[in-house]
Amino acid sequence: MTHLSEHLRQATPVVVERGEGVHLFGTDGRRYLDFTAGIGVTSTGHCHPKVVAAAQEQVATLIHGQYTTVMHQPLRRLVERLGKVLPAGLDSLFFANSGSEAVEAALRLARQATGRPNVVVCHGGFHGRTVAAASMTTSGAKVRTGFGPLMGGVVVTPFPHAFHYGWDEETATRFALREFDQLLQTVSDPDDTAAIFVEPVLGEGGYVPANSAFLQGLRERADRHGILLVLDEIQTGVGRTGRFWGHDHFDVRPDILITAKGLASGFPLSGIAASEELMRKARPGSQGGTYGGNAVACAAAVATLDVVEEENLVANAAVMGTRLRAGLDEVAAKTPAIGDVRGLGLMLASEFVTEAGEPDPGTATRVMRAAVDEGLLLLPCGPWGNVVRMIPPLIVDAGAIDEGLRAWSAAVAVGTAG
């Protein structure tokens, strides 16, 4: 008999029959509150009626019109629709299927546009699993190990992860920027450095937000040296952090923006945005792909962006994120095993530590298992797997937040008791 690879391990034992809104329904007859959203993908909830209708209508009209062969209307509508929400000046788009593909498209564009070989990434960043994207990923060794040699030309600079270093944010930021300057003096000369890739909030690396001083410091250095600033908004984009883009919290301007995950409510779609002037520097034939910009995915993305606007989901993410954060802080205040609570909007996490302050993945795992018993689905992150994240759909309401917090409190009590 054929079977799935044993390395495709589920974070929960749930077998899903259907999804609706913020809930998944298992074949066991139970209803589960889904605070995973397909790893931040089902931004409008499971099977939002408007997204379903748009996809159904498109399937009956045109499923696939390969976009370097023919042009189709859903892609045109999506380009126009994104123009209303992209940062000013990022007026040229390229679409692919996955976040990894979009990261590699941004990498290719940065190298071709600047004629420089090297890229800088931040320690703890996750950019994908294909060879180039994995070479740029330092959120966990499991993504990079066992298939080397990895792609050359990638150098790593610190991220201002204050809790990790045991410092305040200002000290961590000063350190990170100083080390970046040192890197340009010792490892990758500015004339060899094409771009720096950074997530506004580290995703797989532990849900660690950047800050204005850090990102603006990178922007200033990028401008000074002719380096491109590439913001990986794959997980933070489309309202997840309580602003439409994660970098909106920090008053910084990207040269290239990468998006995926929440863009199409679960349909595979990713893209990069840059200025027309910059995008023009890509080499002819360097952008393409069989399935990129699929007609059904584009139709779903247009519907997703409409729902986000019509239902004020960005504002909802901010309000519900504040409510969720308050509840997580309350649980943490009476739980010594939770060393830190952090994140932005509806992208929040709790980090579990031992009495000595060391990472404690065992307790995090017990808490997540106990949460399933309470009807709440969660995911781990962080290099040690000791960070438990919450990323509910952006449609989540106060009732679901409170239900999730009750389940979380009970799960933490069970998990920390051993």
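Coordinates for the structure precede this section.
Residues numbered from 1 in each chain as written. Predicted model: local features only at pLDDT ≥ 70, side-chain atom pairs only at ≥ 80, totals over all residues. Heavy atoms only, no water.

### Considering unusual backbone geometry
Next up, step 1: Across the junction of G148 and P149, the peptide omega takes the value 5 degrees, indicating a cis bond.
Next up, step 2: Even without a glycine there, the phi angle at I39 is positive, about 60 degrees.
Next up, step 3: For I39, the position within the fold is in helix α1 (residues 37-40).
Next up, step 4: Here I39 falls in the partly exposed class, since its relative accessible area comes to 32%.
Next up, step 5: With a phi close to 50 degrees, N312 is a non-glycine residue in the positive phi region.
Next up, step 6: Residue position: N312 is located in the loop between α10 (295-310) and α11 (313-333). (Helix = DSSP H or I, 4+ residues; strand = E, 2+ residues; numbered from the N terminus. Buried < 20%, exposed > 50% of the residue type's maximum accessible area, 1.4 Å probe, protein only.)

### Let's talk about the packing of α11 against helix α13 (residues 398-416)
Next up, step 1: α13 packs onto α11 with a crossing angle of 20 degrees between their chain directions and a minimal axis gap of 10 Å. Relative to α13, the element α11 lies roughly parallel. Of the two possible hands of crossing, α11 and α13 adopt the one that is right-handed. For the pair formed by α11 and α13, the contact residues are M320, R323, L324, G327, L328 and V331 on the first element and A398, I401, D402, L405, W408, S409 and V412 on the second.
Next up, step 2: Each residue belonging to the contact of α11 with α13 can be placed in one class, and the counts come to 9 nonpolar, 2 polar and 2 charged. (Axes fitted to C-alpha atoms, helices over the stretch in contact; angles between N-to-C directions. Parallel < 35°, antiparallel > 145°, perpendicular 65-115°, else oblique. Left-handed = near helix turned anticlockwise from the far one by under 90°. Contact = heavy atoms within 4.5 Å. Nonpolar A, V, L, I, M, F, W, Y, C, P; charged D, E, K, R; others polar.)

### Regarding the pairing of strand β3 (residues 31-34)
Next up, step 1: Where strand β2 (residues 23-26) lies against β3, 3 bridges are found, and the strand directions are antiparallel. Residue L24 lies in a different strand from β3, and its bridge partner there is Y32.
Next up, step 2: Counting the residues that bridge the hairpin from β2 to β3 gives 4 residues, and of these G29 lies at a positive phi of roughly 85 degrees.
Next up, step 3: With 2 bridges connecting them, β3 and strand β15 (residues 376-377) associate as parallel partners. Each residue of the ladder has a partner; that of D34, found in β15, is L377. (Pairing = 2+ DSSP bridges.)

### As for the sheet that holds strand β13 (residues 338-344)
The strands making up a sheet associate through backbone hydrogen bonding, with each pair oriented either parallel or antiparallel.
Next up, step 1: Strand order across the open sheet formed by 4 strands is β13-β14-β17-β16, with antiparallel pairing between neighbours. The two strands at the open ends of the sheet, each matched to only one other strand, are β13 and β16 (379-381). Taking each pair of neighbouring strands and ignoring which way they run, the sheet shows an average axis angle of 30 degrees.
Next up, step 2: Sheet strands touched by α11: β13, β14 (347-352) and β17 (387-390). Its angle to β13, the strand with the most contacts, is close to 175 degrees.
Next up, step 3: Against the sheet, α13 makes contact with β13, β14 and β17, and its axis sits at roughly 20 degrees relative to β14, the strand it touches most.

### Overview of the pattern of salt bridges
Next up, step 1: Inspection of every chain in the model, using the stated rule, returns 19 salt bridges.
Next up, step 2: The shortest N-O distance in the salt bridge between R31 and E403 comes to 3.0 Å. One end of the pair, R31, is in strand β3; the other, E403, is in helix α13, with 372 residues separating them in the sequence.
Next up, step 3: According to the relative accessible area criterion, R31 is partly exposed, its value standing at 42%.
Next up, step 4: Residues R280 and E276 are paired through a salt bridge, measuring 3.2 Å at the closest nitrogen-oxygen approach.
Next up, step 5: R280 gets classed as exposed once you look at its relative accessible area, which sits at 59%. (Salt bridge = Lys/Arg side-chain N within 4 Å of Asp/Glu carboxyl O.)

### Quick notes on the nonpolar core
Most often, soluble globular proteins keep nonpolar side chains buried together rather than apart.
Next up, step 1: Core analysis: the biggest nonpolar cluster contains 87 residues, and F197, I272 and W408 have the highest contact counts within it.
Next up, step 2: Apart from the residues lying within four places of it in its own chain, the contact partners of W408 are L328, V331, I338, S350, F352, V367, L376, L378, V388 and M390.
Next up, step 3: Residues V198, L218, L231 and I391 belong to the second largest nonpolar core, which totals 31 residues. (Core = buried A, V, L, I, M, F, W, Y, C linked by side-chain atoms within 4.5 Å.)

### Digging into the sheet that holds β2
Next up, step 1: Pairing is mixed in the open sheet, where 4 strands are placed in the order β1-β2-β3-β15. Of all the strands in the sheet, just β1 (16-20) and β15 have a single pairing partner and so form its edges.
Next up, step 2: As paired strands, β1 and β2 are joined by 4 bridges and run antiparallel to one another. Directly across from E20, in β2, lies its bridge partner H23.
Next up, step 3: Lying on the sheet, α13 is in contact with β2, β3 and β15; it crosses β3 at an angle near 100 degrees.

### With respect to the environment of A106
Next up, step 1: Within the secondary structure, A106 sits in helix α4 (residues 99-114).
Next up, step 2: For the pair A106 and P160, spaced 54 residues apart in sequence, the C-alpha to C-alpha distance is 24 Å.

### Considering the environment of P209
Next up, step 1: Within the element layout of this structure, P209 appears in strand β9 (residues 208-209).
Next up, step 2: When the C-alpha atoms of P209 and L344 are compared, they prove to be 7.0 Å apart, with 135 residues separating the residues in sequence.
Next up, step 3: Not counting residues within four places of it along the chain, the set of residues in contact with P209 comprises F159, P200, V201, R342, G343 and L344.

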